[in-house]
Amino acid sequence: MIDIRCQLYLIYAYRKVNRAMSADVVTRFAPSPTGYLHIGGARTALFNWLYARGRGGKFLLRIEDTDRARSTPEDTAAILQGMEWLGLDHDGEVISQFDRADRHAEVANEMLAAGKAFKCFATQDKIEAFREAARAEGKSTLYRSPWRDADASTHPDLPFVIRVRAPEGGVMVIKDEVQGDVKIGHDQLDDMILLRSDGTPVYMLAVVVDDHDMGVTHIIRGDDHLSNAARQMMVYEAMGWDVPVLAHIPLIHGPDGKKLSKRHGALGAQEYQLMGYPAAGMRNYLARLGWSHGDDEFFSDAQAKEWFDLTGIGKSPARFDTKKLEHLCGQHIASSKNAALQQELLDFLAAKGSDAMSKDRIALLSSGLDCLKERAKTFHELIEKAEFILSDRPIQPDEKALKSLDSVSRGILNALTPHLQNVSWTRGALEAVTAEFAEANGTKFSKMAGPLRAALAGRSATPSVFDMLLVLGREESLGRITDAASENG
RNA sequence: GGCCCGUUCGUCUAUCGGUUAGGACGCCAGGUUUUCAACCUGGAAAGACGAGUUCGAUUCUCGUACGGGCUGCCA
């Protein structure tokens, strides 16, 4: 007897603990496939991902494709690709909202049967005329259908939509973790359409049904949905469903403070990838945009997951700042492990459509990473600075480099060559032999650095001369120096 | 038009009634240096405006201005 009681209690306690650990947090990202994954959407996805991942919960992905005219498979693919690049992995299958149309209709009909919704036979022309008139008079354009209380016996045999019966009197309170309690009068709510005249569901119904069916516990989305939340609340109330925790986050604005739009340039996640920003830097920057954890600026994914919370989200819109993004990206590149960095670099090159590199070249690049990664803010810059590794002999010097290869300099390079032939190829030895050579020839290393840079890289701005010598090795280095020294200027 | 939300250095933000209003990016000056970066030190730089509450407001309330969102058989 006691045993059974104990067991029951243990089960009870276990469930309680489980709940306390919020093991059942479920968030979702629900973009509509009517364009690429823009930066605002990416941040919304990131917030949901961080919240779930930081709590051992689930992060779901749903494509809101109920608008057949505007939804395209290409856009869905672009969104998926963007998420993949950003490393925002979701749990379970990608859910298509369109595929669930029957279930949405089922709910609408349930509401109809319960008297929470009604059939409306008003034509679109009539409604438009009503709105036109209301606008002209400066009155509210909210539509309350004359059919909301009509008896079924008076229903004509005509096409109809199903509308929700908006409540009268009183106020709707949206409890929002970011915005606080937002009160909206019931008189601000219209008899919104649930099912179109062709029987297809409308977004406002579909989100609520899907979020409920998917067990979503926390809705984190753009605050452009804040007003919509009040309307969606009508469905929750009609169905007697629990309302998830709501968090409406401010939108991201462009550098000019205006709403982010195509005017502001490349905005798809893909574009940022192509510009060479590492995904980790992007995540860090985006997380920090509109959310803060004290003075922490540069942090890892693990820290972000641990720290991220709804209470740290600000209420005002943030502007996108490329400079700070770059700074953070530079930090992430510099602190990357070489192996991971190399892979990301190759992925970047592949995304750009560059030709695949040979194994030897990749190995060379990999050995150059230590001296390269601390000087690049983007992969683009890193590749740029790695040019000395990626070029083949004979090196074509650019204009500036050519200037440091005058006859005097070529003479110096010529004279230096034998000294490099037998020296042991280590930084210490190389530094010593060049210093000796400089002194013996009455010059300074700083005078020799330019010509050496030009010979080794064909450029005037490069990594350290010694770094390049070490990465390239004796044979290649001497080859390049000989090339440059013997060239006819 | 109606309803809702927002407003701290140029930008992202800290502050949860009492601070010389802190940090970061960027900018400027200096340092280091083998070029470019990186790095180090220092500096300039903010509470939209107006009332009210209070012994005391960046912080609470109201108004104004400005910005944003919603107001679709779009999502």
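Before any of the text, the structure's been laid out above.
Everything quoted here is computed from the prediction, not taken from an experiment.

Engineer: Break down the pattern of salt bridges for me, with residues and values.
Structural biologist: What the rule picks out here adds up to 28 salt bridges. Ionic pairing is found between D91 and R53, a salt bridge with its closest N-O pair at 3.0 Å. Taken together, the positions of D91 in the loop between α3 (73-86) and β3 (95-96) and R53 in helix α2 (residues 39-53) put the pair 38 residues apart, joining distant regions of the chain. Note that D301 and R283 form a salt bridge whose closest N and O atoms lie 2.8 Å from each other. Taken together, the residues span a long stretch of sequence, with D301 in helix α10 (residues 301-307) and R283 in helix α9 (residues 279-288) at a distance of 18 residues. The exposure class of R283 is buried, given its relative accessible area of 13%. One salt-bridge network, held together by shared partners, links R28, R62, E64, R100, R103, E106, D210, D211 and D213.

Engineer: Account for the environment of A247, with residues named and values stated.
Structural biologist: Tracing the chain through its elements places A247 in strand β10 (residues 245-249). Judged by relative accessible area, A247 falls into the buried class, the value being 1%. Remark: the alpha-carbon pair of A247 and I219, spanning 28 residues in sequence, is separated by 6.1 Å. Beyond its immediate chain neighbours, meaning those up to four positions away, A247 contacts D176, E177, V178, I219, I220, R221 and L310.

Engineer: I'd like a rundown of the protein's contact with RNA strand B, residues and numbers included.
Structural biologist: Near RNA strand B there are 62 residues, and of these D67, R196, K259, R375 and F466 occur at the shortest range. Near-protein atoms of RNA strand B (within 4 Å) split between backbone and bases, with sugar and phosphate holding 68%. In the environment of RNA strand B, a base nitrogen lies 3.0 Å from a nitrogen or oxygen atom belonging to the side chain of S197. The separation between a base oxygen of RNA strand B and a polar side-chain atom of S464 is 3.4 Å. Tallied by class, residues from the surface near RNA strand B come to 16 nonpolar, 22 polar and 24 charged.

Engineer: Report on the packing of helix α4 (residues 101-113) against helix α6 (residues 203-213), specifying residues and quantitative values.
Structural biologist: Contact pair α4 / α6: the axes reach a minimum separation of 10 Å and the direction vectors enclose 100°. One finds that α4 runs roughly perpendicular with respect to α6. Contact with α4, carried on its side by R103, H104, V107 and A108, involves L205, A206, V209, D210 and D213 of α6 and no other residues of that element. Considering only residue class, the contact of α4 with α6 consists of five nonpolar, one polar and three charged.

Engineer: Can you tell me about helix α17 (residues 407-422), naming the residues and giving the values?
Structural biologist: For α17, the principal kink sits at L416 and spans about 30°; a proline, P418, occurs within the next four residues. For α17, every residue scored as buried is listed here: S409, R410, L413, L416, T417 and L420. Structurally, α17 contributes buried residues whose contacts are with α18 (427-440), α19 (445-457) and α20 (465-486).

What counts and how
Residues numbered from 1 in each chain as written. Chains lettered and ligands numbered in written order. Predicted model: local features only at pLDDT ≥ 70, side-chain atom pairs only at ≥ 80, totals over all residues. Heavy atoms only, no water. Salt bridge = Lys/Arg side-chain N within 4 Å of Asp/Glu carboxyl O. Helix = DSSP H or I, 4+ residues; strand = E, 2+ residues; numbered from the N terminus. Buried < 20%, exposed > 50% of the residue type's maximum accessible area, 1.4 Å probe, protein only. Contact = heavy atoms within 4.5 Å. Near = heavy atom within 4 Å. Polar contact = N/O pair within 3.5 Å; in protein donor to acceptor, adjacent residues only side chain to side chain. Nonpolar A, V, L, I, M, F, W, Y, C, P; charged D, E, K, R; others polar. Axes fitted to C-alpha atoms, helices over the stretch in contact; angles between N-to-C directions. Parallel < 35°, antiparallel > 145°, perpendicular 65-115°, else oblique. Bend = angle between axes of the 7 residues up to and from the residue.

Keep in mind that these numbers describe shape and distance, not what the molecule does.
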